[in-house]
Amino acid sequence: MNVNKKMLALLIVLSLLVGAGGMYGSMALFGNDSKYVQNGEVNDLPKTATKVDNDEEFAKLQKTYEIISSRYVEDVDGDKLLEGAIQGMVKTLKDPYSVYMDEETASQFTQSLDSSFEGIGAEVSMVDGKVTIVAPFKDSPAEKAGLKPNDQIITIDGKSVEGLDLYKAVLKIRGEKGSIVTLGVKRTGVNDVMPVKVTRDEIPIETVYSDIEEVKGKKIGVLEITSFSEKTGADFKKQLTELEKEKIDGLVIDVRGNPGGYLEAVDSILRQIIPEKKPFVQIEDRKGNKERYVSTLKEKKDYPIIGLIDKGSASASEILAAALKEAGNYDLVGEKSFGKGTVQQSIDLGDGSNIKLTLFKWLTPDGNWIHKKGVKPTFEVKQPDYFYTNPITVEKKALEFDMNNEQVKNAQVMLNGLGFQTGREDGYFDEKTQAAVTAFQRANNLPATGKVDTKTAGKMESKVIDSIRDDKNDVQRKTAIELLAK
């Protein structure tokens, strides 16, 4: 498929947007210009078939503009009136992925994708009108701060995001390395808005990591893809070749927490592992016409493959997962994916502003639309409970004996997961919980007070993150490897 790389931006990676603004989040399969891809070639975007009678259909709009411009009690900026009209039209679509960006906003989201960026390293999207975390990047400031998929961002540095579109909110989250942003986060199962401080940093864009595990005398290769950037397809090919030189007996492709990226990257990867018998993705327009993308690979690999997915696997990751499942007849292990099945395109309005508009759906090889549904694994596997814990909020008073609340419950789940048994996880701070806290403090060279203060809470959270990153505790990965080693 000979297509300009910038034309193939899946524009899903607000993780990059939140970082460096290199891509538009949760958007666009075919790129930044008024073009679309057909049969592997870039063509002009078709003109609308809708007839517009300027005199009749726009008479009301023009009259309103003239009345406000000439008679409103204060002077009005005509350009702002026009931009408001455009924003109003787009908002009537009630589509979180269709949005108008003025020149200033658009310019900050059209920087080229570099080898690194500065930010918090988390992809966000608009879900049910809320700015929502899709997934934090691996080892990113967002991950280290404890942000998780489906966290809703309610405030940024104490100011509400109510009324802001996705892009305006993202501009407030982005910032220079070393600066701190405080996000007010609402999480499922937690009543209060949690303050989460994130120190922005430089995020290198390394997207493919490889490993080999030997189980039952078999070599199982693991390829983790953290996002689909410009070089991901080539890196995948290089590292897969190295694994195959080691004569692997199976392969795990891990796209957990992967928010998406360039279509070209996932296209390149799927052409290496999916045979030509089925399309690996289909693009459907408003009339139901479908464009099918098919590999030229003749035969499947001579080893089995399993995909790893979770609720942070979105868009391009879901294209890969669905292709593995339906076109490759491979198993998926983990949890249901995010569910992003629409395709947007950036259309330049000629003055530096643009509209990101939903123009297509993408469908799985079998023609399924996974939007708001996600891709289901063939083997549903959850991680240990402490993988899903929330940050502990200790404000004026430490958590101590005889308290009973969600913060105590969170601490109990963490302590049990780290091997310091509390005997309960119901939120009541009893004597056994106090003993577990004391034991944890002694093991980590903290004052043995038996109370969870700020330092103890921070140490518990960092230990949980370390434990989560340790592959021996990764139940989903272990399950996939064991299935391949049978």
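Scroll up to find the structure this text is about.
Residue positions are given per chain, counting from 1 as you read along its sequence in written order. With pLDDT at 70 or above as the cut-off, local features in this predicted model cover only qualifying residues; side-chain atom pairs require 80 or more to be listed or tallied, and sums for whole chains, interfaces and linings still use all residues. No hydrogens and no water enter the side-chain calculation; it runs on all heavy atoms of the structure.

Asks: Talk me through the overall build of the protein chain; I want residue IDs and the actual numbers.
Replies: Put simply, DSSP marks the helices as runs of H or I at least four residues long and the strands as runs of E at least two long, and each gets a number from the N terminus on. Along its length, the protein chain carries 14 helices and 21 strands. For every residue, the accessible area obtained with a 1.4 Å probe (protein chains only) is divided by the maximum for its type, and the residue is called buried under 20%, exposed over 50%, and partly exposed between those limits. Out of the 486 residues belonging to the protein chain, those deemed buried represent 50%. Residue contacts are defined here by distance: any two heavy atoms, one from each residue, within 4.5 Å place the two residues in contact. Once local pairs closer than 6 in sequence are excluded, the contacts in the protein chain between residues at least 24 apart make up 66%. Total accessible area computed for the protein chain in this model is approximately 23600 Å², and 46% of it derives from carbon and sulfur atoms. The Shrake-Rupley method, run with a 1.4 Å probe, gives the accessible areas here. Residue values count only the displayed protein chains as cover.

Asks: Mind laying out the sheet that holds strand 12 (residues 208–215), listing which residues take part and the relevant values?
Replies: Strand pairing within a sheet occurs via backbone hydrogen bonds; the two strands may be parallel or antiparallel. Strand order in the open sheet made by the six strands is 12-13-14-17-18-21, with mixed pairing throughout. With partners counted over all chains shown, the strands left at the sheet margins are strand 12 and strand 21 (379–380), one partner each. Sheet topology note: the strand 13 (residues 218–225)/strand 14 (residues 250–254) ladder contains five bridges and is parallel. Bridge pairing in strand 14 links I220 to G250. Between N-to-C directions, angles cover 0 to 180 degrees, with each direction set by a line fitted to C-alpha atoms, over the stretch in contact for helices. Here helix 8 (residues 232–245) sits on the sheet and contacts strand 12, strand 13 and strand 14; the angle it forms with strand 12, its principal contact strand, is near 25°. By the convention used here, strands pair only if DSSP detects at least 2 bridges between them.

Asks: Let's hear about the pattern of salt bridges: which residues, and what values?
Replies: A side chain of one charge can pair with a side chain of the opposite charge if their charged atoms are brought near each other. Whenever Lys or Arg places a side-chain nitrogen within 4 Å of a carboxyl oxygen from Asp or Glu, that contact is recorded as a salt bridge. Tallied over the entire structure, the rule returns 20 salt bridges. The salt bridge partner of K168 is D102, with a shortest N-O separation of 3.4 Å. Taken as a pair, K168 in helix 7 (residues 166–173) and D102 in the loop between strand 3 (99–101) and helix 5 (103–107) lie far apart in primary sequence, 66 residues in all. On the basis of relative accessible area, K168 is assigned to the partly exposed category, the value being 30%. We classify D102 as buried; its relative accessible area is 15%.

Asks: Help me get a handle on the nonpolar core, residues and values and all.
Replies: Among the nonpolar cores identified, the biggest contains 41 residues, and F228, L251, I253, L270, I273, L320 and L324 are the most heavily contacted of them. Of all the secondary structure elements, the ones that give two or more residues to this core are strand 13, helix 8, strand 14, helix 9 (263–273), strand 15 (279–284), strand 17 (305–309), helix 10 (316–327) and strand 20 (354–363). It is helix 10 that provides the largest number of residues to this core, a total of eight residues. Each residue touching F228, except ones within four places of it in the same chain, is listed here: V255, N258, G260, G261, Y262, A265, V266, I269, A316, S317 and L320. Here, nonpolar core means buried Ala, Val, Leu, Ile, Met, Phe, Trp, Tyr and Cys residues that are tied together by side-chain atoms lying within 4.5 Å of each other.

Asks: An account of the packing of helix 11 (residues 406–417) against helix 13 (residues 454–469) is needed here, citing residue identities and associated values.
Replies: Two elements in contact, helix 11 and helix 13, have axes whose closest approach is 10 Å; the angle formed by their N-to-C orientations is 45°. If you check the angle between helix 11 and helix 13, you find them oblique. In the packing of helix 11 onto helix 13, the handedness of the crossing is left-handed. For the pair helix 11 and helix 13, the contacting residues are A411, M414 and L415 in the first and M460, E461 and V464 in the second. Orientation is classified from the angle alone, with under 35 degrees giving roughly parallel, over 145 giving roughly antiparallel, 65 to 115 giving roughly perpendicular, and any other angle giving oblique. Should the near helix be turned anticlockwise from the far one by less than a right angle, the crossing is termed left-handed; should it be turned clockwise, right-handed.

Asks: Got a sec to walk through the environment of T342? Specific residues and values, please.
Replies: With respect to the element layout, T342 can be found in strand 19 (residues 342–348). When the C-alpha atoms of T342 and H371 are compared, they prove to be 6.9 Å apart, with 29 residues separating the residues in sequence. Not counting residues up to four positions away in its chain, the partners in contact with T342 are Y97, T358, F360, K361, W362, W369 and H371.

Asks: Could you give an account of the side chain of S295, with specific residues and numbers?
Replies: Of note, S295 is situated in the loop between strand 16 (290–294) and strand 17. The buried category is assigned to S295, whose relative accessible area is 3%. Counted as a polar contact is a pair of N or O atoms within 3.5 Å, where, for protein atoms, one must be capable of donating a hydrogen and the other of accepting one, and residues adjacent in sequence contribute only when both atoms are in side chains. Here R271 takes part through its backbone oxygen, which lies 3.4 Å from a polar atom of the side chain of S295. A polar side-chain atom of S295 sits 2.9 Å from the main-chain amide nitrogen of L297. With residues up to four places along the chain from it excluded, the contact list for S295 reads L270, R271, I274, P275, E276 and F280.

Asks: Give a description of the packing of aromatic side chains that names residues and reports values.
Replies: Pairs were defined over the aromatic rings of Phe, Tyr and Trp, the Trp ring being its six-membered one, requiring ring centres within 6.5 Å. Orientation was assigned from the angle between planes: stacked under 30 degrees, edge-to-face over 60, tilted for the rest. Per the stated rule, a full pass over the model turns up three aromatic pairs. Where F280 meets Y293, the ring centres are 6.5 Å apart and the plane angle is 40°; that geometry is what we call tilted. Here the residue F280 occupies a position in strand 15, and Y293 occupies one in strand 16, the gap between them amounting to 13 residues. Accessibility expressed as a relative area gives 2% for F280, which makes it buried. Ring centres 5.5 Å apart and planes at 85° place the aromatic pair F420 and F440 in the edge-to-face group.

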